[in-house]
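Breakdown of the fold
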Amino acid sequence: MTPEEYAQRQRELLDQMAANRARECLAITFDLYAQVRLRINTRGEDYTGQKFSPYSPGYAATRKKRGRQVAFVDFNFTGRLQASIRPSVERVTPVSATILLTASGADNQEKLRKALVTPKGNPRGNILLPSADEINRASLANQQRAQKYII
Amino acid sequence: MEELLKQLLARTERRIAFSVRASEWLARAFRALQARLFSIFLERYIDDIFADGRKMSFTARSVTNANRAAVRFQFEYSRAATSLLRGIAERIIRQQDYSREYFSLLGLPEPEAKSALAIVMRSYGFDVATMTAIPGGYLEGVLNSPALAQFVGQQIREGMAAGMGKKEFIAKFRGAFVNPGGTGMLERHFNRFSHDFFQQFGRVNNIILAEASGLDHFVYAGTAIEDSRPFCLRRLNRIYTVKEAGKWNAQEWAGKIPDVPVLQQLGGYNCRHTQMFITEEMAKMLEQQYGEVDGYNALPSKKQPA
C-alpha cells in the first residue's frame, strides 16, 4: 500500500466510523442495558452489587398473592416498565452521539422517579445505572467491533 | 453542552406531556363510555326487565326481555367502541411522530416508526391506511366479543335469583359496571388488549432499532411468575440469535397469537417478557454466566415462586 493509498483508506474508514456513530452508540447502550436487566431480573442487585431495599410487607403480600417472587426486588410486576425502557438517539454530531435511555409513558417515568427516593431510609436510586464490570464488558465488546475501523 | 441538555430535557418533556395527555384522554374516554352505556341501559332496557312486576323474577317474559337487553347492549357497545378505537389509533400515530426524529438520525431511508406502527396495528387487525378494523381480525373480535352481553346477562340472572327490586338492582349493576372510584367493566375488558398492544409495540420498536444497529442476538429477558408458560420458562434470561428465534414460528403452544412472528409476540397473549438485543461480542461474553447461545433452560419440575 502506497502512502497515498494508506491515507485514502484512512479517510474512508474515518468516514465510515462517523456514518456508523449513532448505530455503534446504540449497540453499546443495548449491551449495557441488557446486562442491567439480567442483573436485576436474576439477582435484584443495584450497580454497586448491593441488593435493592426489600419490598414493603404489604406490597410483598400483594406480589405473592399474584404469583410474583418476593426474594428480591426485580421491578417487574406486569413487565410494562422494563418493556418500555429503550434507548433513543437524541443527537449526532461529527464527533459525538447522545443516547437517551429511559422509560416511555408517564406512568413508567413515574416508577423510575419513585425508585430514586423510595424507600425513604434506603432509596433504590437510579436503577438504570450499569456496574463497573458491565461497563468494562460493553467497552471490551465495543473495542472488538472497532477493529473493523483499523487498517 | 448546557444547550444540548436543555434541548434533551425539552424534547423529553414534550414527549412525556403528550403521553400524559393521551393516557388521561383514554381514561376519560373509557369512563365516559361506561357512563353513557349505563345511562342507555337505564333509559332503554331497565323497564323491560321489570315489566312483570316490582321485583325481578324468572318468568318466560322477563328472561326473554333480559336476553334481548343484553344483546342490544352489546351492540350499543360495539358501535361506541369502534369510534373510540379510531381515537386511540390517532393518538398512537401522533405519539410516534415524537420518536421519528431518531430514526432519521440513524440515516434510515423511510420513517421506520410509521411502519412499526403499521406492523403492530395490522397484527391486531387494524388498518392504519384506512383507520378501520380489519374484518375477522383480533380487534373486530374484541369489539364483537360476547363478553359484555354475558356480563349483563349474568347481572340480570343474579338479580332475578335474589328477587331484587329496581333500586337495588340499579345500585348493584352500577357498582359492577361503572364501579365508581374503581376500575369499571370496560376498563377491565380492554386491559389485556392494551397490555398486549403496548408490549408488542415496544418489541417491534426494539426489532427496528436492532436491525438499524446491525444486532442479531438477544436476551429473552424477564422474570418467572406462577403461571409463566413453559415456552417462556425454557428461554428465560438465555441468549438467542434471531435465526434461532425464526425456528420458533413453526412451534405451537397455548397462548400463541396466530400469524404474529415469535420475535414480536414472544410467549403470546399477556406475555410479560421482552427481547433485549445485544451485540455478538457481548453474547459471547455472557455465555459463561447465562449459558451457551441458542441453548434452553431445563423446565423446573415444580414451579416454586420464592
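Refer to the preceding data block for the structure.
Residues numbered from 1 in each chain as written. Chains lettered and ligands numbered in written order. Predicted model: local features only at pLDDT ≥ 70, side-chain atom pairs only at ≥ 80, totals over all residues.

This brings us to the overall build of chain B. A tally of helices and strands in chain B yields 11 helices and 5 strands. Every one of the 306 residues in chain B was classed for burial, and the buried ones make up 30%. In chain B, of all internal contacts separated by at least 6 residues, the share reaching a separation of at least 24 is 67%. (Helix = DSSP H or I, 4+ residues; strand = E, 2+ residues; numbered from the N terminus. Buried ≥ 20, exposed ≤ 12 C-beta atoms within 10 Å, placed from the backbone. Contact = placed C-beta atoms within 7 Å.)

For chain A, the helix and strand inventory stands at 6 helices and 2 strands. Going residue by residue from the N terminus, the α and β elements of chain A occur as α-α-α-α-β-β-α-α. Taking 151 residues into account, the globule formula puts the C-alpha radius of gyration at 15 Å, and chain A, at 20 Å, lies well above it. Taking all 151 residues of chain A together, the buried fraction comes to 29%. Pairs at least 24 residues apart make up 58% of the contacts formed inside chain A by residues separated by at least 6 positions. (Rg over C-alpha atoms; globule rule 2.2 N^0.38 Å.)

This paragraph deals with the interface of chain A and chain B. Across the contact, 42 residues belong to chain A and 43 residues belong to chain B. Those elements giving two or more residues to the side of chain A that touches chain B turn out to be α2 (21-43), α4 (80-84), β1 (85-92), β2 (97-103), α5 (106-117) and α6 (132-146) of chain A. Sort the elements by how many residues they give to the side of chain A that touches chain B and α2(A) lands first, with 12 residues. A breakdown of the residues in the side of chain A that touches chain B according to their chemical character gives 16 nonpolar, 15 polar and 11 charged. (Nonpolar A, V, L, I, M, F, W, Y, C, P; charged D, E, K, R; others polar.)

Before going further, it helps to examine the sheet that holds strand β4 (residues 239-241) of chain B. The sheet built from 3 strands is open, its strands ordered β4-β3-β5 (chain B) with antiparallel pairing. Looking at the sheet topology across the chains shown, the edges are occupied by β4 and β5 (274-278) of chain B. Pairwise comparison of adjacent strand axes, ignoring direction, gives a mean angle of 40° for this sheet. Pairing of strand β3 (residues 217-221) of chain B with β5(B) involves 5 bridges; the strand directions are antiparallel. Following the sheet pairing, B:Phe218 is matched in β5(B) by B:Phe277. Against the sheet, α2(A) touches β3 and β5 of chain B, its axis set at about 135° to β5(B). (Pairing = 2+ DSSP bridges. Axes fitted to C-alpha atoms, helices over the stretch in contact; angles between N-to-C directions.)

Of all hydrophobic cores here, the largest spans 45 residues; its most connected members are A:Phe30, A:Ala34, B:Val219, B:Met276 and B:Ile278. When residues of this core are assigned to their parent elements, the largest contribution, 11 residues, is made by α2(A). When neighbours within four sequence positions are excluded, A:Phe30 is seen to be in contact with A:Pro87, B:Ser213, B:Leu215, B:Phe277 and B:Ile278. By size, the runner-up hydrophobic cluster in this structure holds 22 residues, among which are B:Phe41, B:Ala69, B:Met164 and B:Phe173. (Core = buried A, V, L, I, M, F, W, Y, C linked by C-beta atoms within 7 Å.)

The end-to-end C-alpha distance of α2(A), which contains 23 residues, comes to 33 Å, matching closely the 33 Å that a straight helix rising 1.5 Å per residue would cover. A:Gly44 lies just past α2(A) and shows a positive phi near 65°. (Expected span 1.5 Å × (residues − 1).)

Across the interface, α6(A) lies against helix α11 (residues 280-290) of chain B with an axial gap of 8 Å and an inter-helix angle of 135°. By the angle between their axes, α6(A) is oblique relative to α11(B). For the element pair α6(A) and α11(B), the recorded crossing hand is right-handed. Contact with α6(A), carried on its side by A:Arg137, A:Ala138, A:Ala141, A:Gln144 and A:Arg145, involves B:Glu281, B:Met282 and B:Met285 of α11(B) and no other residues of that element. Here the contact of α6(A) with α11(B) is composed, by residue class, of 4 nonpolar, 1 polar and 3 charged. (Parallel < 35°, antiparallel > 145°, perpendicular 65-115°, else oblique. Left-handed = near helix turned anticlockwise from the far one by under 90°.)

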